[in-house]
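# Secondary and tertiary structure notes
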2 protein chains.
Amino acid sequence: MQKFDVHIIGCGSALPTNRHLPSCQVVDLRDKLLLLDCGEGAQLAWRKTGLSWQKITHIFLTHAHGDHVFGLPGLISTMGLLGRTAPLFVHGPSTLQTFVEFTMAHFCANMDYEVHFEAVDASQHQCIFEDRSMEVWSLPLKHRLPCCGYLIREKPGLPHIRREMIDFYGIPTWAINNIKAGKDWTTPEGETIPHSRLTTPPDRVRSYAYCSDTMPVAEMAEWCQGVDLMYHEATYAEAEADHALKYCHSTARQAAAVAKAANVGRLMLGHFSARYEDEQVLLNEAKEVFENTFLACEGLKTTI
Amino acid sequence: MQKFDVHIIGCGSALPTNRHLPSCQVVDLRDKLLLLDCGEGAQLAWRKTGLSWQKITHIFLTHAHGDHVFGLPGLISTMGLLGRTAPLFVHGPSTLQTFVEFTMAHFCANMDYEVHFEAVDASQHQCIFEDRSMEVWSLPLKHRLPCCGYLIREKPGLPHIRREMIDFYGIPTWAINNIKAGKDWTTPEGETIPHSRLTTPPDRVRSYAYCSDTMPVAEMAEWCQGVDLMYHEATYAEAEADHALKYCHSTARQAAAVAKAANVGRLMLGHFSARYEDEQVLLNEAKEVFENTFLACEGLKTTI
C-alpha cells in the first residue's frame, strides 16, 4: 500500500491552551504533502512531523477565522527563506483571497517562488483539484461564514502483476506496463492469456474527509459515504449543546451521528473547546453513537 | 524598588528553530505590561510568563518583518475572545498601519475593545509615549526598512519619607503627602523643619533600551547613555560579519561596542541566527569588548 497518512499539527479551537495548537493537519499521500488549515504556530510545530517543507504542494483552508489561518504568513515566509522555488497553491473560500494577497504584497515580496490563490466555492460540493493520484472535493460546511471542508480521495491505481504467472509464461519485462494497463498477452505460440489471469485487482481506493468548524451537515452522509477516515469537529459536549448551536459548531455526539450516517471507517474528533481539561467526555459521548471513534492530538499520525 | 522586569518570550531570528521563538518581549513596569514586538507563537508562549493578558496596555513594534509581527493578529483576537474591554495601543512605523488595520477589519470585527494604531516616525529620536510613571522614546535603527527600537525610562519618583524623623517631630499622617511633594514642615512651636531633613532622595530612575534588527548606530551612545539594561541584536558572530553587513544586522562584537560606548549597565544579546547551535561564541566575542553581557533565552526574566 502506498502512503496515505494524516499528521495532526494542531486540533484545538480558537483559545490557546497548554494542550492544543490551533487547527492544522498534514496529509501525506504518496509523499505529496497537503496542508489542511494553518493555525498560528504551525511552522514551529511542523518539524516534529519529520516531513520536508519542500514537499508541501497545496494548502487547503476551510475559512477565514484566525485559528485556521494565522500560521500561513509565517509558513510562506519561512519556505521562502529556505530557498523554495516550486510554486505553492493555496485553496480556500474567496473570503481568504485578500488575506493571502495582502500577506504576499506586504511580507513576502521578492521571494523565489510563487503563491497562487485558488478560490473555492464553499457552497458547492465539487472536485476542486486533481492530479494523477488524487482528487480533492469541497464539502460545504455550515458555520458563521463561508466554510468548506475537503474530501481527499485516491484515484484508482493499476492492477497488481501476478509474478508467478509472468514467470510461468516467460513474459518479458517490456510487456509488463501494457499488461498493467489492461492488455492481454499473446504467447509466441499464439495463445492469448487474458489480462485477468495475469493480474490481481488494484488496491482499494482510500479517502479522508476533513470537516472542520461546522454544524452537522445532513448531506455529508452522501458526500462522504464510506470514507475510510473522517475528521469531524467536536467542539462541545452535549452539556454545551446550546453553545454548539449558537456558534455553529458540533457536539461530539452530533459528529458521531454524521460519521454513522456516512458509514465511515473511523472517526477522529478534534477542534476541542479550551474548557475541556480532559476530552474523554467527548469521546465517550461520541462512542455511544459511533464506536470506531478516537481523539485527535498533536503529533498523532494516522495511517489510512 | 518598584517592579521593572523584562521577560523574554522569543529571541530567535526569522528562521524557526527548536531552541528559539521569533522576537517578543514583555516589559513589566509597576504591573503595567508593554509588549515589544510580537512574533508568531507569542500568545502561545505567553502563559509561561504567568502574567495577565489584561494588563497589556501598549505594544511597540519595531518594523514590518514577519518574525516581529506575525503573532499580533492571534494575540489581538485572543484578548477579544477573553473579554478584554480596555483599549489597546499599538505603536510602530507607519509601514505597519495597514497590517494592523487589515487584521482588525478582516479578523477582529465586533470585538468588545478598540485597537488604536499610533504611527512612530522611525527616523526621529523622540518621546512617543508617556504616562505618570514612564516615558518611551523611539530609537532610530538602521535596517532594510523603517525600523525603530525603544527606550523605556521611569519618571523620577517621589522622595522617601524618613520614618524616624516623622516620629521624632510627631508629624501627622495627613501631612506626609505634602512633605513627599516637597513641602517643609512647621512644628506647632513654629520651627520649620526643611524637607531635606525629613526625606531621602527618590529611587534612581531606571531604563531599558530595546535595539532589535539593526546595524550598529553611533548615536546610540548618546541616546542610551547610562541605561541600566540594553537588549541589542547580535544575529551573527564575527566570522559572518559580511552577512551582518549584507542584511543590515549586527555581530555580537558590534553590539558590545555599542553597549560600551553607551556605558550601559548590562547588555543582553538576542535575535540569534538559526545557524548557531550554541550561542556561546556570540557571548565570548561580545565579552571581549563589554564584560557585563549575557544571552537572552526564552523564559528569562531580568529585573532592572
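Before reading on, note that the structure itself is shown above.
Now for a quick tour of the structure. (Residues numbered from 1 in each chain as written. Chains lettered and ligands numbered in written order. Predicted model: local features only at pLDDT ≥ 70, side-chain atom pairs only at ≥ 80, totals over all residues. Heavy atoms only, no water.)

## Details of the overall build of chain A
Of the regular secondary structure elements, chain A holds 11 helices and 18 strands. Principal-axis analysis of the C-alpha atoms gives chain A an extent of 75 × 55 × 35 Å. In chain A, which comprises 304 residues, the share counted as buried stands at 56%. A separation threshold of at least 6 residues defines the contact pool for chain A, and within that pool the share at least 24 residues apart is 64%. Total accessible area on chain A is roughly 12,800 Å²; 50% of this is exposed by carbon and sulfur atoms. The distance from the centre of the 27 positive side-chain charges to the centre of the 36 negative ones in chain A is 5 Å. (Helix = DSSP H or I, 4+ residues; strand = E, 2+ residues; numbered from the N terminus. Buried < 20%, exposed > 50% of the residue type's maximum accessible area, 1.4 Å probe, protein only. Contact = heavy atoms within 4.5 Å. Areas by Shrake-Rupley, 256 points an atom, 1.4 Å probe, with all protein chains shown as cover. Lys, Arg positive; Asp, Glu negative; His and termini not counted. Charge placed at Lys NZ, Arg CZ, Asp CG, Glu CD.)

## Re the pairing of strand β5 (residues 88-93) of chain A
All names here are of chain A. In terms of residue burial, β5 counts as a mostly covered element, since 5 of its 6 residues are buried. Where strand β4 (residues 56-60) lies against β5, 3 bridges are found, and the strand directions are parallel. Among the inter-strand pairings, Ile59 is bridged to a residue of β5, identified as Val90. Pairing of β5 with strand β6 (residues 115-120) involves 6 bridges; the strand directions are parallel. The residue of β6 that forms the bridge with Gly92 is Ala119. Regarding topology, helix α4 (residues 97-107) serves as the crossover connection from β5 to the parallel β6, and that connection is right-handed. (Pairing = 2+ DSSP bridges. Right-handed = clockwise from strand over helix to strand, strands pointing away.)

## With respect to the pairing of strand β7 (residues 127-130) of chain A
Strand residues, when the strand is regular, have side chains that alternate between the two faces of the sheet. Residue and element names in this part refer to chain A. Where β7 and strand β8 (residues 134-140) come together, 3 bridges link them in antiparallel fashion. Its bridge partner lying in β8, Glu130 is registered against Glu135. Connecting β7 to the antiparallel partner β8 that follows it, the hairpin turn spans 3 residues.

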